[in-house]
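# Structural features, examined
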Amino acid sequence: MTQNSPFDRTYQAPASTRDASGDKVDQGLRAYMLSVYNYMALGLGITGVVAFLTASSPAMMDAIFGTPLRWVVLFAPLGFVFFISARIERMQASTAQMLFWTYSGINGFCFAILLHVYEGSSIARVFFISAGMFAAMSLYGYTTRKDLSGVGSFCFMGLIGVIIASIVNIFIASSVMHFAISIIGVLVFVGLTAYDTQKIKGMYYAADSGEVSTKKAVLGALTLYLDFINLFLFLLRLLGNRR
């Protein structure tokens, strides 16, 4: 992002660059954050529906996971995340929305395998636990006056450590390390949820056009979607009952 990009403007900008009316800013901020959460919720809904439909069809499961197509399904979401994050300023808002819905749907194919590995009641229980934790931390990130940038930096370092440890554990298959990684992963994404919510709130700028505001909302939804999904996955590893 360039230094003068509208995406760099923050809610904490000087008063001269914001609406003269604090009420207008607050109403605009609430509407902006609501759109972020709505996009995120719809993305999760698409992922859930696609996962359920895929898991319910043996033919589709075989077509995806029984062929080289599984590698496309497994790695395509990562490509979508990098592409959307890097190119969102130069694409139209409608394109950003379409890519986010597509990404959510492809993730659903990946998550279909969870319905075969874990009991359905266990998945539902962990989902609601994850939702409660996410809501609490996102609310904290939205309302706190404390600068959470230090928390974000610490959690990012923790995330790098989790990734490295996870790769190592593929080869050594340690149940103790698996448990430790899951615990740390939960803590990392709990912290990132609060930090990212504050960062997304800071991206709001009252004078943004509808086009820019929508793209910011999509990018914010993608960020929180990733936080929730990863929090859910780590909690599922800790609390889920396998079939």
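So, here is what we can say about the structure in this document. (Residues numbered from 1 in each chain as written. Predicted model: local features only at pLDDT ≥ 70, side-chain atom pairs only at ≥ 80, totals over all residues. Heavy atoms only, no water.)

## So, the overall build of the protein chain
Convention followed: Working definition: helices are DSSP H or I runs of at least four residues, strands are E runs of at least two. Numbering for both runs from the N terminus. Any residue under 20% of the maximum accessible area for its type is buried, any over 50% is exposed, and the rest in between are partly exposed; the area is computed with a 1.4 Å probe on protein chains only. Working rule for contacts: check all heavy atoms of both residues, and any pair within 4.5 Å makes them a contact. Where accessible areas are quoted, they stem from the Shrake-Rupley method and a 1.4 Å probe; at the residue level, only the protein chains shown are allowed to cover.
The helix and strand inventory of the protein chain stands at nine helices and zero strands. Shown N-terminal to C-terminal, the secondary structure of the protein chain runs as helices and strands in the order α-α-α-α-α-α-α-α-α. A buried classification covers 41% of the 243 residues belonging to the protein chain. Relative to all contacts within the protein chain whose residues are 6 or more apart in sequence, the contacts with residues 24 or more apart total 85%. Here the protein chain displays about 12800 Å² of accessible surface, and carbon together with sulfur accounts for 68% of that area.

## Brief notes about the packing of aromatic side chains
To keep things clear, this is the line we draw: Each Phe, Tyr or Trp ring (for Trp, its six-membered ring) is paired with any other whose centre lies within 6.5 Å, and the angle between the two planes then decides the class: stacked below 30 degrees, edge-to-face above 60, tilted in between.
What the rule picks out here adds up to 11 aromatic pairs. Centre to centre, the rings of Phe 127 and Phe 228 are 5.5 Å apart; their planes meet at 75°, and the pair counts as edge-to-face. Of the two residues, Phe 127 is situated in helix α6 (residues 120–143) and Phe 228 in helix α9 (residues 210–239); the sequence distance between them amounts to 101 residues. Classification of Phe 127 as partly exposed rests on a relative accessible area of 35%.

## With respect to the nonpolar core
Selection criterion: What we call a nonpolar core is a set of buried Ala, Val, Leu, Ile, Met, Phe, Trp, Tyr and Cys residues that are connected through their side-chain atoms within 4.5 Å.
Grouped together as the largest cluster of nonpolar side chains are 54 residues, with contacts concentrated most on Tyr 32, Met 40, Phe 100 and Phe 232. Looking at this core, the elements that each hand over two or more residues are α1 (22–55), α3 (69–87), α4 (93–111), α6, α7 (149–172), α8 (175–202) and α9. For this core, the element with the highest residue contribution is α9, accounting for 14 residues.

## Here's the deal with the environment of Ala 180
With respect to the helices, strands and loops of the structure, Ala 180 is situated in helix α8. Between the C-alpha atoms of Ala 180 and Ala 165, which are 15 residues apart in sequence, the distance is 9.6 Å.

## With respect to a nonpolar patch on the surface
Quick note on the threshold: For patch detection, residues must exceed 30% relative accessible area and be free of salt bridges, and they are connected within 9 Å for like charges or within 5 Å for nonpolar side chains (Val, Leu, Ile, Met, Phe, Trp, Tyr). Should a side-chain nitrogen of Lys or Arg be within 4 Å of a carboxyl oxygen of Asp or Glu, the pair is scored as a salt bridge.
A surface patch of nonpolar side chains, about 930 Å² in accessible area, is lined by Phe 156, Ile 160, Ile 163, Ile 164, Ile 167, Val 168, Ile 170, Phe 171 and Ile 172. Within the secondary structure, Val 168 is located in helix α7.

## A closer look at the side chain of Thr 54
Position of Thr 54 among the secondary structure elements: in helix α1. Looking at Thr 54, the relative accessible area reads 1%, which means it is buried.

## A short note on the pattern of salt bridges
With the rule as written, the count across this model stands at one salt bridge. With its nearest N and O atoms 3.6 Å apart, the salt bridge here joins Lys 199 to Asp 196. Of the two residues, Lys 199 and Asp 196 both sit in helix α8, three residues apart, roughly one turn of that helix. For Asp 196, a relative accessible area of 6% puts it in the buried group.

## A closer look at α3
Note the threshold: Expected span, for any helix, means 1.5 Å times one less than how many residues it has. The angle separating two fitted axes, one through the seven residues that finish at a residue and one through the seven that start at it, defines the bend at that residue.
Taking 1.5 Å per residue, 19 residues should reach 27 Å; α3 reaches 26 Å between its end C-alpha atoms and fits that length. By the largest-angle criterion, Phe 75 marks the main kink of α3, which is about 35°, and a proline, Pro 77, follows within four residues. Residues of α3 that are buried: Val 73, Ala 76, Pro 77, Phe 80, Val 81 and Ile 84. Check the buried side of α3 and you find it contacts α2 (58–65), α4 and α9.

## Quick notes on the packing of α6 against α9
Stated precisely, the cut-off is as follows: Every axis corresponds to a line fitted to the C-alpha atoms, with the helix fit spanning only the stretch in contact, and the corresponding angles, defined between N-to-C directions, vary from 0 to 180 degrees. Between 65 and 115 degrees an angle is taken as roughly perpendicular, under 35 as roughly parallel, over 145 as roughly antiparallel, and anywhere else as oblique. Handedness of a crossing follows from how the near helix is turned relative to the far one, being left-handed for an anticlockwise turn of less than a right angle and right-handed for a clockwise one. Note that Gly is not counted as nonpolar here; it falls among the polar residues with everything else outside the nonpolar set of Ala, Val, Leu, Ile, Met, Phe, Trp, Tyr, Cys and Pro and the charged set of Asp, Glu, Lys and Arg.
Contact geometry for α6 and α9: axes closest at 9 Å, N-to-C directions at 130°. Classified by the interaxial angle, the pair formed by α6 and α9 is oblique. α6 and α9 meet at a crossing whose hand is right-handed. Along the contact surface, α6 presents Ser 122, Ile 123, Arg 125, Val 126, Phe 127, Ile 129, Ser 130, Ala 131, Met 133 and Phe 134, while α9 presents Leu 224, Asp 227, Phe 228, Leu 231, Phe 232, Leu 235, Leu 236 and Leu 239. Class assignment of the residues belonging to the contact of α6 with α9 gives a composition of 14 nonpolar, two polar and two charged.

Interpretation note: all reported values are geometric properties and have no functional meaning in isolation.
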